[in-house]
Amino acid sequence: MAAIDPSPLVMTGTGWADYGLVDSGHGRKFERYGAYRFVRPEPQALWTPRLDHWDADGEFVPGSDEDGGGRWVFEKPVPREGWPLGWHEARFTAQCTPFRHLGFFPDMAPVWDWMGERLAGLSDAATMNLFGYTGVGTQALSAYGPVTHVDASKKSVAQARANAELAGLADRPVRWIVDDAAKFAAREVRRGRRYDGIILDPPKFGRGPDGEVWRLEEHLPGLIADCAALVDGGSRFLFLTVYAVRMSALALAGLLSEHLAHLPGRIEFGDLAVREEGDGGRTLPTAIFARWSA
């Protein structure tokens with residue numbers, strides 16, 4: 001029976017050729033994305049920056065609304081249509097979006113590695129990426145078998161497909177689904193589907209393609225119940241990440257435990273984080289997670 005491991009974990013990502021956390025502090029972070037460097041808001045960076053000056057190509061200046069808003073201010077030319085980056089065999093287009101990020105989430109890199117470890121040795125593992133966005137995680141999963149990629153945004157799914165083509169992975173067995181994630185998962189349960197692994201990264205608030213409203217605290221329990229019905233004792237994992245909410249990782253673990261305790265394995269929880277580059281680099285927390293693995 002899956003039980004909660006009481007010791008919280010920190011899944012820490014480090015930089016690679018196309019990404020790095022250069023510095024952080026005073027509520028901001030300074031990152032490199034290929035040839036370009038940007039400053040973005042980061043409330044978790046409570047300390048003082050190590051560097052005296054951040055020579056950035058652009059900065060996202062947040063609005064006064066706690067829930068979002070703001071604009072990019074550029075000091076140097078930056079391709080508005082984006083530029084290519086890579087992580088292992090994955091390829092994707094980075095772009096300064098109105099949502100303050102750059103079209104992918106680099107702190108997910110240790111999660112992509114962890115999923116690969118869970119699926120090692122398999123070539124036909126069926127996995128699902130809910131709220132799959134621009135599909136870097138989908139590319140990582142596709143090395144192990146067919147993937148169902150689900151996102152409510154038609155634009156995001158189109159970008160995910162374009163990213164797969166950029167990576168030369170367009171022939172991988174991926175189902176690209178534009179749909180409300182919760183509704184799709186519920187239909188998969190009714191169809192009797194089963195997955196070897198599920199990853200989901202739900203937003204705090206969102207809307208489906210037909211105007212469906214998603215509120216994390218209200219709708220997450222039902223979605224997890226459906227995801228739990230789509231895995232069994234032979235499955236490898238279920239991984240849940242949550243950003244920008246006043247919620248504990250232990251609460252997420254408790255939710256997974258309610259629906260997955262009948263399966264073998266264990267439930268773990270903690271923080272996602274990125275370590276600054278260079279000697280003495282600090283570890284910056286970015287999100288919380290809970291995961292079940294068999």
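To start, this report covers the structure provided alongside it. Please read all numbers here as calculations on a predicted model, not as lab measurements.

The rules behind these values
Residues numbered from 1 in each chain as written. Predicted model: local features only at pLDDT ≥ 70, side-chain atom pairs only at ≥ 80, totals over all residues. Heavy atoms only, no water. Core = buried A, V, L, I, M, F, W, Y, C linked by side-chain atoms within 4.5 Å. Buried < 20%, exposed > 50% of the residue type's maximum accessible area, 1.4 Å probe, protein only. Helix = DSSP H or I, 4+ residues; strand = E, 2+ residues; numbered from the N terminus. Contact = heavy atoms within 4.5 Å. 1 Å grid on protein atoms, 1.4 Å probe; cavity = no way out; pocket = protein on both sides within 12 Å on 5 of 7 lines; lining within 4 Å. Points joined across faces, edges and corners; volume = space filled by probe spheres on them. Salt bridge = Lys/Arg side-chain N within 4 Å of Asp/Glu carboxyl O.

This part is about the nonpolar core. What tends to happen in soluble globular proteins is that the nonpolar side chains get buried as a cluster. The biggest cluster of nonpolar side chains holds 42 residues, and the ones touching the most others in it are Phe38 and Trp83. A total of 6 residues in this core trace back to one element, the largest contributor, which is helix α1 (residues 109-119). Excluding anything up to four places from it in sequence, Trp83 contacts Tyr33, Tyr36, Phe38, Val78, Phe92, Thr93, Ala94, Gln95, Cys96 and Leu102. Listed in part, the 37 residues of the second largest apolar core include Ala185, Leu230, Leu256 and Phe269.

Taken as a whole and assessed by the stated rule, the structure comprises 1 cavity of 30 Å³ or more. Approximately 170 Å³ is the volume found for the largest cavity. In terms of lining, the largest cavity is formed by 15 residues, of which the most central are Phe105, Met108, Trp112, Gly132 and Gly137. Mapped onto the lining of the largest cavity, the elements with two or more residues apiece are β10 (127-130) and α2 (136-141).

This part is about the pattern of salt bridges. Summed over all chains, the structure comprises 20 salt bridges. A salt bridge links Lys76 to Asp55; the shortest N-O distance between them is 3.0 Å. Remark: Asp55 occurs in the loop between β5 (36-41) and β6 (58-62) and Lys76 occurs in the loop between β7 (70-74) and β8 (83-87); sequence separation between them is 21 residues. Each of Asp23, Arg50, Glu276 and Arg282 takes part in one network of salt bridges that share partners.

On their own, these measurements won't tell you what the molecule is for.
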